[in-house]
Every structure is written in structure tokens, then in C-alpha cells.
Amino acid sequence: MIAKVHIILTFLLLLAFHSNAQNTTDTLLENSIKTTLPDSLRSPNDSIPLIQPPRSPGKKPINWDDVKLSDDGPDEQIDYKSRDSMFFDLKNKQIHLYGEAQVDYTDVNMTANYIIIDWGKNIMTAEGKRLPGGRGWLGKPTFKQGGQNVTASKLRYNFKTYKGIIYDVQTLQEGMNVVGTKGKFIGAGQDTTKKNIIYNKDAIFSTCDLEHPHFGIRSNKQKIVQDKVAIVGPSNIEVGGIPTPLWLPFGFFPMTQGQRTGLIFPRDYEFSEAWGFGLRNVGWYFPMNDYWDLQLTGDIYFKGTFRLHGLARYNKRYKYRGDFNLDFANQRSEGADGRPFFTPSTSIRWSHNQDTKAHPYRSFGGSINIQTSGYQQNNRTDFQSQTQRSISSNMSYRQKFDGPFDLNASFRHSQNTSTNRVSVSFPTVNFQTEALFPFKRKLQVGGEKWYERIQVRYSSEVRNQFEATDSTLFTKQTLDDAQYGVRQQVTSSTSFNLLKYFNFSPNVTYKEVWYFRNLEREFIDTATIVFDTIYNEFDSTQFEIIADTTKFGTINDIENRGFSPLRQYNLGISMNTRIFGTILFKKGRLKGLRHVISPTFGLNFTPDYTNPDWGYFKSVRTDLRTDEEELYNIFQNNRLSGFEQPSASGRQMTFNYSFGNQFEAKIYSKKQEKDKIVKLLRALSISGNYNFAADSLKWSNVNVSGNTSFFNNITTFRANLTYSPYERVAETGRAINQLLIKTQGKLLRLDSWNANVTTNLTVGRIRDLIKGVNTDQRVAEEEGKDRVQEQDILSILENFRINHAFTIRGSYNIQSQRDTTIISANSISSSGSIALTPNWNIRVGNFGYDFQSKRITYPDFTFSRDLHCWEMGLSWQPFFSTYSFYIRVKPGHLDFINIPYSKRIQDRSFR
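Fair warning: this is a prediction, and the values are worked out from it, not measured in the lab.

Asks: Tell me about the overall build of the protein chain, residues and numbers included.
Replies: The secondary structure content of the protein chain amounts to 7 helices and 53 strands. Burial analysis of the protein chain (911 residues in total) assigns 34% to the buried set. Restricting to contacts in the protein chain with at least 6 residues of sequence separation, those with at least 24 account for 51%. Accessible area for the protein chain stands at about 53,600 Å²; split by element, carbon and sulfur atoms hold 56% of it.

Asks: So, the pairing of strand β12 (residues 176-186): which residues are in play, and what are the values?
Replies: With 10 bridges joining them, strand β11 (residues 163-173) and β12 adopt antiparallel strand pairing. By the bridge assignment for β12, I165 is matched with K184. As paired strands, β12 and strand β13 (residues 197-206) are joined by 9 bridges and run antiparallel to one another. Across the sheet, F185 pairs through a bridge with I198, a residue of β13.

Asks: Now, about the environment of I555: what can you tell me, with residues and values included?
Replies: Residue placement: I555 occurs in strand β34 (residues 543-576). Note: C-alpha distance between I555 and V620 (65 residues apart in sequence) is 8.2 Å. If sequence neighbours within four positions are ignored, I555 has contacts with R521, E522, F523, V620, R621 and T622.

Asks: Summarise the nonpolar core; cite the residues concerned and give the values.
Replies: Formed by 28 residues in total, the largest nonpolar core has its most connected members in Y80, L97, I115, I117 and Y157. Counting only elements with at least two residues in this core, the list comes to β1 (78-81), β2 (85-89), β3 (94-105), β4 (108-118), β5 (123-127), β10 (154-158) and β11. Within the second largest apolar cluster, 18 residues are counted, among which are V232, W870, L894 and F896.

Asks: With reference to specific residues and values, describe the side chain of N756.
Replies: Tracing the backbone shows N756 in strand β45 (residues 749-762). Those residues within four positions of N756 in sequence are excluded, and the remaining contacts are T716, F717, R718, F806 and T807.

Asks: Got a sec to walk through the pairing of strand β48 (residues 840-850)? Specific residues and values, please.
Replies: For strand β47 (residues 818-835) and β48, the ladder comprises 8 bridges, and the chain directions are antiparallel. Bridge pairing in β48 places S827 opposite D850. Turn length for the β47-β48 hairpin, with the two strands adjacent in sequence and antiparallel, is 4 residues. Sheet topology places β48 next to strand β50 (residues 860-867); 6 bridges connect them, and they run antiparallel. When the sheet's bridge partners are listed, R843 is paired in β50 with T862. The pairing of β48 with strand β49 (residues 855-856) spans 2 bridges and is antiparallel. Opposite Y849, over in β49, you have I856 as the bridge partner. Once β48 ends, the chain turns through 4 residues before running back antiparallel as β49, passing K854 with a positive phi of about 55°.

Asks: Can you explain the environment of Y723? Please cite residues and give values.
Replies: Following the sequence through the fold, Y723 ends up in strand β42 (residues 715-724). Leave out the neighbours within four places in its chain, and Y723 touches N701, V702, V704, L748, R749, L750 and D751.

Asks: So, a nonpolar patch on the surface: which residues are in play, and what are the values?
Replies: Residues I802, I828, F847, Y849, F851 and I856 make up a contiguous nonpolar surface patch of about 480 Å² in total accessible area. With respect to the helices and strands, F847 occurs in strand β48. Take F847: its relative accessible area is 37%, and that puts it in the partly exposed class.

Asks: Give me the lowdown on a positive patch on the surface, citing residues and values where you can.
Replies: A cluster of basic residues, R589, K670, K671 and K676, forms a positive patch on the protein surface. With respect to the secondary-structure elements, R589 resides in the loop between β35 (579-584) and β36 (590-606). Among the residues examined, R589 registers a relative accessible area of 46% and is labelled partly exposed.

Asks: Talk me through the pattern of salt bridges; I want residue IDs and the actual numbers.
Replies: Pairing between side chains of opposite charge can happen when the charged atoms of each approach one another. Considering all chains together, one arrives at 34 salt bridges under this definition. A salt bridge links R453 to E448; the shortest N-O distance between them is 3.7 Å. Residue D866 is joined to K890 by a salt bridge in which the shortest nitrogen-to-oxygen separation is 2.9 Å. Taken as a pair, D866 in strand β50 and K890 in the loop between β52 (882-889) and β53 (898-903) lie far apart in primary sequence, 24 residues in all. Classification of K890 as partly exposed rests on a relative accessible area of 27%. Residues joined in a network through salt bridges with shared partners are R728, R749, D751 and D819.

Asks: How would you explain unusual backbone geometry if you had to name every residue and give the values?
Replies: Of note, the bond from F426 into P427 is cis; its omega dihedral lies within 30 degrees of zero at -10°. The topology assignment puts P427 in strand β29 (residues 421-433). Within the chain, Y162 stands out as a residue other than glycine whose phi angle is a positive 60°. Following the sequence through the fold, Y162 ends up in the loop between β10 and β11. Given the relative accessible area of 18%, Y162 is considered buried. The backbone phi angle of D168 is positive, close to 50°, even though this residue is not glycine.

Definitions and cut-offs
- Residues numbered from 1 in each chain as written.
- Predicted model: local features only at pLDDT ≥ 70, side-chain atom pairs only at ≥ 80, totals over all residues.
- Heavy atoms only, no water.
- Helix = DSSP H or I, 4+ residues; strand = E, 2+ residues; numbered from the N terminus.
- Buried < 20%, exposed > 50% of the residue type's maximum accessible area, 1.4 Å probe, protein only.
- Contact = heavy atoms within 4.5 Å.
- Areas by Shrake-Rupley, 256 points an atom, 1.4 Å probe, with all protein chains shown as cover.
- Pairing = 2+ DSSP bridges.
- Core = buried A, V, L, I, M, F, W, Y, C linked by side-chain atoms within 4.5 Å.
- Patch = residues over 30% accessible without salt bridge, like charges linked within 9 Å, V, L, I, M, F, W, Y side chains within 5 Å.
- Salt bridge = Lys/Arg side-chain N within 4 Å of Asp/Glu carboxyl O.
- Lys, Arg positive; Asp, Glu negative; His and termini not counted.
- Charge placed at Lys NZ, Arg CZ, Asp CG, Glu CD.

In C-alpha cells, the structure reads:
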């Protein structure tokens, strides 16, 4: 009876062998009650029902719970599948899988072209098939366990001992590619306290991910502990399969995932004729916690020059993020006598950004950029660093309250790198209200009254300001010379319509500035006499003493400390309206023209602050010989930018006027098959005033300004003209109180003018011009979207732009006593990147020509080549004769392998 059962089971297995085995997961069956197969054949809780073998009539069915499983079998179920076929070798206790074979056991996953499962020896063997001519592999074996990924030409794995042998092994570890001829794998199994370990023989350690890396560190023995460390013995740096003379006695490479403390290898090895041999960017990295880290690096040169860099980065999700940079440089130079001296310089940069979700009413953020002693120009050679003449900072805190109040505290800084002048405003506190309507009724009944539209606004500012040079900024004298004050302003205004089309807006403004120092000048009536001795030309014993009075008295400035308020006010009313003019055409592409005029008229009154009753101006005698006195402002030693000073122009009662103009045309577009609006003149403004209170020159100059654009906004034209209604003195150019209309019959005289033409040419603007698309409209529609790059010959210039600026101005020349015209600026420049091929790139920081000075304007070029795991580049600035060339490994664990050579700013005097 048992023999019959064997025959039936064998027949069923043969049928299963010839059936289609693609993408199915099989388990072995018990082949008899007496024959015990490994327990990997099926787990008791498997969801797929066991196939019951046929039994003879009258016999009881087999109870599979009573089947005894072998103790030598695997602990868990083995799932397997293949694309082509399977072969069950019951005699040798093996399963053969062909074509895209895959086996899963616990956390182990194995794939290959051919896999053997030997359940008698608890071993799985995987092999691949190399294609003819070295064209690659068919089903190259892969092995995965616990995050460890391995590829090989052949591998064997024991699923009881978790050990394996790997041939031609290749594994990736934290960006590192390890390729060895033979390796031994020791798995951690189900023990979570252990790590997978790989022992390699004759292996290469590289960041190149190819099967045969372009470079690497080759050693006879290596040990890799997964996610922890890689240790190599005596090793040699190999490039292109050729050993180099560079040997390492041992290697230790951390493989810990995430943040980890460790040494930062120097990125560049340099030689400077001025500074000697040096290492750049060598230091240490500190992961402080989950929210911020710290990086300390330095550049060290053998002749004494050094730089220190500190970088702290922080990030808290949904709260804030930012970084803080502190750089210090102590650079060696040589004087005319050949003696060395050192120049210290500092750079402080901080950037902080608050997430918009952090708080609905409170925000804090901005950036700070402060430098001393020309740090940027002395350490960088790119176009922007060398030509940037001003840097600024702005860090602010804002608090919005439930009511109509708003508080803002800020730090502001501006610095001129040419003059080294620095201005710092800290702290600056602003408090302001929204528009308040004191007469608006709480319960609205009927229509709105005119007085309900009266609004009141209040604003105040407290400021402390420092003025110094970048070398004296952090000194006690700068603190002693600090300027500080308080500024307050209350404005009230309303608006109403008259005759339906005219909008009237009366307004009142009151300002009060609190200064805490004032100036008092006193005249010292003592003459300054200079004595000069004149000797006889032939006899030195004879001489004459001549006295010469150089000053007839001096003025002494006395600064008084104390509360000194400045109060000002002005009254005004304005009226504005709009006038439209339209002309329509029935034939042709031109459908119509439209002219929009926006006239504004106003009356303003300001009192005479030179009146002694205000106490803002005082007079002081200036000369012993006369009784003439000079008027001075007692607040003029307060230099807070933006804070008011009393005007010395006397009482003002002015009538102001301005006319804004716009010209548009409606044109039929054949390409778009619709009408489109074209702005012929974007803006044209005419403005001036008449002062009723002035005793002479009551009419002001007439200012005319306008701008428009051509060629789909590629070129922009701007012009400003100043006309005077008065005659002028030929010798000085000063206007006199004689109207031109009376002396020459002309209404106005052109006093000065300037015009500016700028061109901004990009590939996108050229495409829009050819297609007849409005650039401004396209940019607005594509805001926040990824633009689809056009695939044409112009694509290589997609990120390249050409700018041209031309400025011409005219004015009265006192020396020649006639109007002159000069070209003040005429230059062309280009910048951007050109992708010649997928691997070749040219970056143009700047290249241009100044037609005024007839010279090329600071060219800055960078050529780079992608060499897969290497990169090559040349940065060149011909103006300074500086350059930097490198061939280096791409950023990663081995980026210290490089060949740099450079000539920097400090080497210009060396030949």
C-alpha cells in the first residue's frame, strides 16, 4: 500500500514539474508518512491547502498534524518562484529554479538566473550567466538581508548558520562601492544586537558605482561591519586600474547612517607662492542633537596664513530653519621692503527663516551679512565677489496683536566695501496702527456719512544707529558716537466725491521727533596770525618777519546732551480724476488707440521753521570784520537717516500739479487670431508746483519722466527731463527771477535731461518674440510651474543672458557756458551657463565690454567636465591673472583624492 502511495505522489510531482511555474509560490509536500522532508516544505499555518494524496478505499485519511518534521530543516517557510521552470530532485533533496529565480526566507531575499535550494544541507546557491562578448549579465545574483545589498557572479548561503561565500562581490555601503574577488558573509540572523559582516579578499573601495570602478583604494583584506565601519589593511590608491605610488598603511571609514561625529578630510591641497603649501577645509563635524549640528574647519598654509570657518545649521520642522557662519582669516603679505605682515579679516553671516505655520501673529527672520577688512574681495575671485560694492543685513521680529496694532523690531546694516563705511541700526522698534475710523457708527443705519470716512493712523519709531568703518565697528568709540532718537507721526485723512468724477482727499499730518542732543555754536573773536621769516638771499643774517592773519575769528561747536523735541505739521488737500480718449478704426490691423490722463492737483501748507519762535534755528557771527551772521540748525549733529530735520526754505504754501499719461493700441494678431493690447507708452508724467508764499522764483522746475519697452520687453527706454521757467546767469548757471515768457517769449527752458536704454536678452524672450507671445503674461502664467524646456538649437543657451546699458545725459556746463551732452555709461555684459554636451559645461560669471573706458569688464569663466565619478574644472579670471584647476573625485567619502592647482589673488605679485 505504501508503494502505491509513492507511485501516485511521484506522478503528481512529475505533472507539477511540466506545468507552468511562472510567478507562483510553491511549497514541498510530505511524500509519505514514513518519509520525513524538511519543515520548510510547509508551515502548519499556511493559507494554501495541502494536496491530499489518493488513498485506497477503506483506509483512513492522513492526519498531517501527526507528521513528524525534521529537526535539521529551516526554522521558517521558504517561498520561491521562477519564470522558466522548476525541477524537484527528491533523491538529492534539491529544488532547481531557472530564469528570474527568486527565493524569500525570513528577511533574506535572493534573485538570480539560476538558484539551487538544497534542503538537505540547508544551502542556497545562486549563479548568473554572462552574456557573450562581455555585454553584461543575465540574471546576476543579488542578495539582501537586513538592509545589506550584495551582487556577485556566484554566491552560496547557509540559512541555518547565516553564513555565505560570495564570488566577485559588489556591495554598496553609505555611498561607498566595494568590489572584491571573493568574500565571506556572516549574517546577524534574527539577533538584532549584531551586525552583518563581510570579509573581502583583493577588493577595491570606491565611490564609483561601476562593476569595475574608475578609481579606488585597493587592499588585500577588508572588513565591513554594516552601518558601522569599514576597515582596510595596507592599501594602494588605484586610478583606471593602474596602481599609483600613493600607499596607506591602513584605512578606517565610518559607515554609520545619519548624523555622526567625524573628521572632515581636506577638500583641496594647494600651493601658493605667497602662502606656501596648504590644506583647505580640514576639520571636524559635531552632530549636537536632532535639531542642529556644528562644523568647524580651517585652511592652513605653511607660511603662517590661516582661515577658520564655523558653520552651525539648525532645523525644526514646522517651526524654523537657518544657518550661522563665522569666518576669520589671517593672511600673510609682503611689504615693499620684503618684510611679511598679516592682515586679519572677519565675515559674519546668519540666515533664519520661520515656517509660515509656526505662529499666526508672530514672525522672526531675515539675514545678516557683515564683513571687515575686505574679507570677500581678499578671499574670493569670482565676478560678483570682486565687483559687489555694498552688502546689507535685515533681521526683524514682528508681533501682530488682536487689535489694530502692529509691533516690529529689527536689526539693519549697510556697508560699502569700497569706502569701508558701515552703518548699523540696532535696535529699531516700530509701532503702528491700522486705519482707525473714530466717527464710524457701531450700528449702521442708512447710508454712510462723509465724516464716517475720516481715518486716523499713528506710527512711531525708536532707533539707535552706529556709523563707523569696518575696522573700528567693534570699538568703544563707536558706541560712544551712537545716534539715537524717537520719531512719531499722526495722520488724518478722508476722501469724498464731488460731481461724480472728482475725488477730493484732505489730510493733516503731525510729526514729532525726540532728539537727545543739540548743537550750540559760539563765536570766538580771536584772530589767527601766522608769522613767516624771510631771509636775505645774499646774507642769511638779515631777515624779515611777516605776520599774516589767516582767520578773523573761529566758531566753536558745543554739543549739549538732553531732551530736544522737533515738532512739525502740514495741511493739504488733493483732487484727482481720470480722462479717457479713444479713437477706433474700421479697417486694417490697427483697431484703435486709447489715451488715459490722470491729473492730480493739490494745496499744501507748511509753516516757516526759521522763525525764532520755534527755536529750531539760531545764528552765529562768522567774521571779526563784519556783523554778518550765519543761520544754523540746532539738530544738524543728529544724523539719523529718515528722521526729519527742520526746513530752512521758509513758509510753504504750494499748489502742486501732476499729469500721468498712458498710451495703448489695440492690434489684431494674425498668429493668435485675436485682438491684443499693446502699450505704446507705459507711463509719461509731468509734475511741478507754485509757491504762493515765496518772495521770488515761485514756479518750480517742471519734471517730465517716462518709460516704455520695445521688442516684447527685451529693450526698455527711460527718460527724465527738467525744464525751468526762468532765465539764468550765464557765468554760474543759477536761475534768476525773470520768466522766460517775458524775456524770450518761451514758456520753458530745458535745464537738464538723461535717457537710459537697457536690453535684457534671453532665449525665452527670443522665443516669445518669434511666437508673438507676451513675455510678462507668460511669466505670470508659469509662476510656480516647471517650465518645459524647448528642444532646439537654442536650448544650450537656455540659462544664458546678455545685458546692454546705455545712458546719455545733458546739462549746462558752467565753464563753456553752453548746454553739453555726454554719454555717462555704455556697456554690454553677459552671464549664465552653456551646456555644450551632457558632460561639458561653460559658466560665464561675467564677460563684457565697457565702451567708455574701452576695456573688457572683469571676465570670469569656469569650464567643467563630468567624468562619471570624477570631475574636472578650470576657473579663470584674466583681469587678476588668477585661475584654479582641479581633477577630483566627486563629493563623497573619498573626495580628498584630487589634483588641484591654482593661482589666487595673493600670488599676483609673484612671478
